[in-house]
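Spelled out from the first residue to the last, the chains are:
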Amino acid sequence: EGVITELDAECSESNEIHSTNEAGDALHDMPTNRHSASDSVFIVFTRDDGPKEGRKYCFKAETTRDMHDWVKAILDRKADYTPPEHSNAQKAQNALKVFYSSNAFQIVAAIAIMVNFLCNAVEAELNPEEGTRSAQVLEQFDYAFVVLFTVELAINYVANWFQDLVSDAWNWFDTIVVIISLISKFASDNPGLNVLRTVRAFRVFRLFKRLKSLRQILRAINQSLPAVCNAFFLVILMTMIYAIMGTTFIRLVDPENFGVFSVSMYTMFRIMTFDNAAGITLDLIDAVTGIDKLLVVLFVVSYQLIVAFILSNIVMAVLLDKFCEASEASKAEDAEEAIALLACATISALDPLLEQLSHIETEATLSRRIKDIFVFIDEDSSNKVDFQELRLGLKRLETDPPIDFSAEDFENIVIRRGFAQADRQMNSQGFKTFLDMQLKEFVQKQISRAVE
């Protein structure tokens, strides 16, 4: 329906010419002297001022009758369609949303966050006294970042207001961090609020919103937490059991480390992490006599074997396993999105030629075929082809349907992707690279459609 709602004044249909209503719509002829299969092809042009920016969509129906039904349905839908009216404010908001979502803006924001974090690290390292030159410079940087992040948040609010804004948890996090930064900055005279300045270090977490790889790690950790918590519960349970045993039997021998349950828990964690575990054990051995020395060794060693070597590693294994599962699931989702995008890609003007080339079995044969096509297109034998030569040469090729390579196609596929030279012409090598890339994308698109 997105194509239908932006339908402009013309659709091309083979063999017939139709006049439509006062809107000026028309159905134009396509060349039919090639093969009869072109009878079921029609092309839709979208409005130049619409979101699709005057793009061309080529469709091929199963039969000529289906093609007529499709064209009739599109024209009927267009006749009944009333374009939505957008106010200047809505247009400005849409433009601002495109600007905010652009890669350039997000990269600049990410760089600003990193530079701000480095400034916080430098300030913590230097710890300059108030009033010194270093303190003044760092304070000016902090003011600049507070203003910058406030402006960035304001742009986000205006661009994504309302549903897109409140439904994203990262926007809430950004809001809280910026508000706390403003309070700590402009209420710095209040000693009770100075603690809020430590929140500045948490600004770096805003990178997770902008970097997909970091968001993927967070999502994987979040999905692995339930299984990890179950395994970690066993560690806590065994530690509590040994802490109770230590408090019961060792508190009189070593009240400093086993006097009460809470202290015994901390001591057992120290033994688990080997934080002076040998020193604690040797002190206990020295404090007892006879068979109690062996019991102390069994107490400490059994705890380390069960908890430190077995259960703790189980926790790490579960974390790694679930993390890998979550990462694979995230990659699978990304792959499905990519496949869906490829499957939904519009038919390229070069598809009839690429369909022929895709059936060539060897690389050498493909290279010769591409070279022959270039020689056929290069009528003046200059070893270069411009847009007009390329367009006319492609149209002369025996393809079904004939190739209509437009100026827009040349600009988007050739110029913007760097296949042409500075004079906007392609040599034989550039032409081969151009067709190789187009053929690769065509095959990927066919595979994605098959998978879909």
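Residues numbered from 1 in each chain as written. Predicted model: local features only at pLDDT ≥ 70, side-chain atom pairs only at ≥ 80, totals over all residues. Heavy atoms only, no water.

S.K.: Quick question: what am I supposed to make of the nonpolar core here?
M.R.: Most often, soluble globular proteins have nonpolar side chains that are buried together. Formed by 28 residues in total, the largest nonpolar core has its most connected members in Leu-394, Phe-405, Met-426, Phe-431 and Phe-434. Put simply, the parts of the chain that give this core at least two residues each are α14 (351-357), α15 (363-377), α16 (387-396), α17 (407-415) and α18 (428-451). Among the nonpolar cores identified, the runner-up in size contains 24 residues, and Ala-231, Ile-285, Val-296 and Phe-299 belong to it. (Core = buried A, V, L, I, M, F, W, Y, C linked by side-chain atoms within 4.5 Å. Buried < 20%, exposed > 50% of the residue type's maximum accessible area, 1.4 Å probe, protein only. Helix = DSSP H or I, 4+ residues; strand = E, 2+ residues; numbered from the N terminus.)

S.K.: Would you mind showing me how to read the side chain of Gln-106 here?
M.R.: Counting through the fold element by element, Gln-106 comes out in helix α4 (residues 103-126). For Gln-106, a relative accessible area of 16% translates into the label buried. Once residues lying within four places of it in the same chain are set aside, the contact partners of Gln-106 are Tyr-100, Ser-101 and Arg-210. (Contact = heavy atoms within 4.5 Å.)

S.K.: Teacher, can you tell me more about the environment of Ile-107 here?
M.R.: Relative to the elements of secondary structure, Ile-107 occurs in helix α4. On the accessibility criterion, Ile-107 (52% relative accessible area) is exposed. Separated by 103 residues in the primary sequence, Ile-107 and Arg-210 have C-alpha atoms spaced 8.0 Å apart.

S.K.: Looking at this model, I keep getting lost on the packing of aromatic side chains. Mind explaining?
M.R.: Describing an aromatic ring pair means giving the distance of the ring centres and the angle of the ring planes. Under the defined criterion, the tally for this structure stands at 14 aromatic pairs. Plain terms: the ring middles of Phe-374 and Phe-431 are 5.5 Å apart, the flat faces sit at 50° to each other, and that makes the pair tilted. Of this pair, Phe-374 sits in helix α15 while Phe-431 sits in helix α18, placing them 57 residues apart in sequence. The burial state of Phe-374 is the same as that of Phe-431; both residues are buried. Linked through ring pairs, Tyr-242, Phe-258, Phe-299 and Tyr-303 together constitute an aromatic cluster. The ring of Phe-376 has Arg-396 lying over it, and the distance from NZ or CZ to the ring centre is 4.6 Å. (Phe/Tyr/Trp six-rings, centres within 6.5 Å; stacked < 30°, edge-to-face > 60°. Lys NZ or Arg CZ within 6 Å of the ring centre and 35° of its normal.)

S.K.: Explanation requested: α15 in the structure shown.
M.R.: Two residues of an α-helix separated by three or four positions point the same way, owing to the 3.6 residues in each turn. With 15 residues, α15 should cover 21 Å at 1.5 Å per step; its first-to-last C-alpha distance of 21 Å lies within 8% of that length. When we look at burial in α15, the residues that qualify are Leu-366, Ile-370, Ile-373, Phe-374 and Ile-377. The buried side chains of α15 occupy one side of the element, clustering within an arc of 100° when seen end-on. Opposite the packed face of α15, turned more than 90 degrees from it, sit the exposed residues Lys-371 and Val-375. (Expected span 1.5 Å × (residues − 1). Arc of directions from axis to C-beta.)

S.K.: In this structure, what is going on with a nonpolar patch on the surface? I would like to understand it.
M.R.: On the surface, Phe-274, Val-297, Val-301, Leu-305, Ile-306, Phe-309, Ile-310 and Ile-314 cluster together into a nonpolar patch covering about 670 Å² of accessible area. When you line up the elements, Val-301 lands in helix α13 (residues 291-343). The class of Val-301 is partly exposed, set by a relative accessible area of 38%. (Patch = residues over 30% accessible without salt bridge, like charges linked within 9 Å, V, L, I, M, F, W, Y side chains within 5 Å. Areas by Shrake-Rupley, 256 points an atom, 1.4 Å probe, with all protein chains shown as cover. Salt bridge = Lys/Arg side-chain N within 4 Å of Asp/Glu carboxyl O.)

S.K.: What is the right way to look at the packing of α4 against helix α5 (residues 133-160) in this model?
M.R.: The axes of two packed helices give the description: the angle between them and the distance between them. At their nearest, the axes of α4 and α5 sit 11 Å apart, and the two run at 150° to each other. Compared by their axis directions, α4 and α5 come out roughly antiparallel. The hand of the α4/α5 crossing is left-handed. Residues Phe-105, Ala-112, Ile-113, Val-115, Asn-116, Cys-119, Val-122 and Glu-123 of α4 lie in contact with α5, whose contacting residues are Leu-138, Phe-141, Asp-142, Phe-145, Leu-148, Phe-149, Glu-152 and Ile-155. Looking at the contact of α4 with α5 residue by residue, the classes come out as twelve nonpolar, one polar and three charged. (Axes fitted to C-alpha atoms, helices over the stretch in contact; angles between N-to-C directions. Parallel < 35°, antiparallel > 145°, perpendicular 65-115°, else oblique. Left-handed = near helix turned anticlockwise from the far one by under 90°. Nonpolar A, V, L, I, M, F, W, Y, C, P; charged D, E, K, R; others polar.)

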